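Given next are the chains, with one letter for each unit.
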Amino acid sequence: MPSSSLPLRRVWLPAAGSAALGAALLAFFGSGTQPAIGQSQDSRPAIAEAGTTIGVYSGRHYNTDKELYRQFTAKTGIKVNLLEAKDDALIERLKSEGKNSPADVLVLVDAARLDAATDQGVFQPSRSAALQRDVPANLRDSQGRWYGLTRRVRAVVVNPKLVNPTTIGTYADLAKPALKGKLCLRERKSPYNQSLVASQMILHGEATTRTWIRGMVANVSQPFFTSDTPLARAVARGECGVGVVNTYYVARMLSAEASAQDRQLAEQLKVIYVNPSHVNISGAGVTRHARNPQAAIKLIEFLASPTGGRGYAAANNEYPLKGFGDNPILKRFGTFKADGVSVEQIGSRSKAATLMMESNGWK
Ligand SMILES: [Fe+2]
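Rules behind the numbers
Residues numbered from 1 in each chain as written. Predicted model: local features only at pLDDT ≥ 70, side-chain atom pairs only at ≥ 80, totals over all residues. Helix = DSSP H or I, 4+ residues; strand = E, 2+ residues; numbered from the N terminus. Buried ≥ 20, exposed ≤ 12 C-beta atoms within 10 Å, placed from the backbone. Contact = placed C-beta atoms within 7 Å. Expected span 1.5 Å × (residues − 1). Pairing = 2+ DSSP bridges. Core = buried A, V, L, I, M, F, W, Y, C linked by C-beta atoms within 7 Å. Domains from an automatic or database assignment. pLDDT = per-residue confidence, 0-100.

Before going further, it helps to spend a moment on the overall build of the protein chain. When helices and strands are counted, the protein chain shows 14 helices and nine strands. By the burial criterion, 50% of the 363 residues in the protein chain qualify as buried. Expressed as a percentage of contacts within the protein chain between residues at least 6 apart in sequence, the contacts between residues at least 24 apart total 79%.

Put into structure tokens, the structure is as follows:
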């Protein structure tokens, strides 16, 4: 999930053997005493040097992400200074910092947000043979401004006491009149839903998607939800019969870190991967004013690699870029067939999708 209403959080990740914590924090957040590596395109070194410190702004906020950054430092000698905050706040911060930004990498979740950041010019294009190899073409920007790192699936959750799971095979089935009063949806402003609608516009065209939205809205009886977890709980309690959520929320409710109550609720849910499923990503790119672009791309390569990517996906019960991973909770949900839609295209249609939702009753 995005870091909903969290304030800016600065996290220092000491490399093994690092002692000068205070001084390093000062150097990073204070005064522009960063080593002047790669300050211009022409003076960039060919190889990122061990000992470089890169700044990472991340809209993800999972404790296990930090372990991945530590592994990267151990592997490369490149240190990571992490700032986690809400996606929009990070984009605004990058814009206001401009050339003085200490950030080299920006990590965001969802196609709609990556597209918004791209539009606002906070990324720079980068090229990498490793990323071309490890990130499927539909999960990265065609100009190399961002690269997918993990996959998340927008799935249907059903309470089998109220809705027969075998009646749901596609997103289109959510608009069937048989589900009147039984469907729960999250608000229009959720980028997850904007991206879902954009994907349906790409796959099925505007007219079909408009009819689909109207059918779903006619089936909704509850107020639109502000986030996925309360929606999943409402389906589990039987307040709704069916809803749409990213599966990592259900996985989190089933995990050891969840409350006993949430685990009990999640056990009531049947997760359905409709065919084909809408797949979204968390992704990262090199910032426009990165001081260490070579080191930055090395981090993105590490996080997209089979080794790093497994950990990054596991941190949030997401799927790696390829295959289904080995998360035992996700295995309970079975496998999915991705719709294969380009995340870049989804991003570029997200504004049109939002307008269509608004004009057809999606609150
Ligand atoms: Fe999320």
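Following the structure, the description resumes.
With eight of eight residues buried, helix α9 (residues 247–254) is to be regarded as a mostly interior element. Three or more residues of α9 are buried, namely Thr247, Tyr248, Tyr249, Val250, Ala251, Arg252, Met253 and Leu254. Contacts from the buried residues of α9 go to β5 (147–158), α8 (228–237), β7 (242–246), α10 (260–266), β8 (270–272) and α13 (328–332).

On to helix α6 (residues 191–204). Between its first and last C-alpha atoms α6 spans 20 Å; for 14 residues at 1.5 Å apiece the expected length is 20 Å, and the two agree. Within α6, the full set of buried residues consists of Pro191, Tyr192, Asn193, Gln194, Ser195, Leu196, Val197, Ala198, Ser199, Gln200 and Met201. In this structure, the buried side of α6 is in contact with α4 (111–119), β5, α7 (206–219), β7, β9 (278–286) and α14 (343–359). Looking one or two places after α6, you find Gly205, whose phi comes out positive at around 90 degrees.

What follows covers the pairing of strand β4 (residues 105–109). For β4, the tally of buried residues reaches five of five residues, placing the bulk of the element in the interior. Here β4 shows two buried faces, one formed by Val105, Val107 and Val109 and the other by Leu106 and Leu108. Strand direction decides the pairing type here: strand β2 (residues 53–58) and β4, joined by three bridges, are parallel. Residue Ser58 lies in a different strand from β4, and its bridge partner there is Val107. As paired strands, β4 and β9 are joined by five bridges and run antiparallel to one another.

What follows covers unusual backbone geometry. Omega for the peptide link from Asn275 to Pro276 comes to 0 degrees, which places this bond in the cis form. Assignment of secondary structure puts Pro276 in the loop between β8 and β9. One non-glycine residue with positive phi stands out, namely Asp110, at about 90 degrees. The topology assignment puts Asp110 in the loop between β4 and α4. The buried category is assigned to Asp110, around which 27 C-beta atoms lie within 10 Å. Located in the positive-phi region is Asn317, a residue other than glycine, with phi close to 55 degrees. Mapping Asn317 onto the fold places it in the loop between α12 (306–314) and α13.

So, on to the environment of Gly309. Here Gly309 is to be found in helix α12. By the C-beta count within 10 Å, which is 25 here, Gly309 ends up buried. With 241 residues separating them along the chain, Gly309 and Leu68 place their C-alpha atoms 9.0 Å apart.

Along the chain, Ala266 turns up in helix α10. The class for Ala266 is buried, based on 24 C-beta atoms found within 10 Å. Each C-alpha atom, one on Ala266 and one on Ala232, is 7.7 Å from the other, the two residues being 34 residues apart in sequence. Here Ala266 is in contact with Ala236, Val250, Met253 and Leu254, once residues within four sequence places are set aside.

For the rest of this paragraph, the subject is the nonpolar core. One broad rule of soluble globular proteins: the nonpolar side chains tend to lie buried together. Counting residues in hydrophobic clusters, the biggest one holds 102 residues, and the most contacted among them are Val105, Leu106, Val157, Val242, Val250 and Leu299. Tallying contributions element by element places helix α11 (residues 293–304) first for this core, with eight residues. Domain assignment of the residues forming this core places at least three in each of domain 1 (9–151 + 281–314) and domain 2 (152–279 + 325–359). The contacts of Leu106, once residues within four sequence positions are left out, are Tyr57, Leu90, Leu94, Ala117, Val122, Phe123, Ala284, Gly285 and Thr287.

In the predicted model, the protein chain carries a mean pLDDT of 89, and 87% of its residues have values of at least 70. For residues 1–8, every residue scores under 50 in pLDDT, and the model assigns this stretch 15 contacts once sequence neighbours within four places are set aside.

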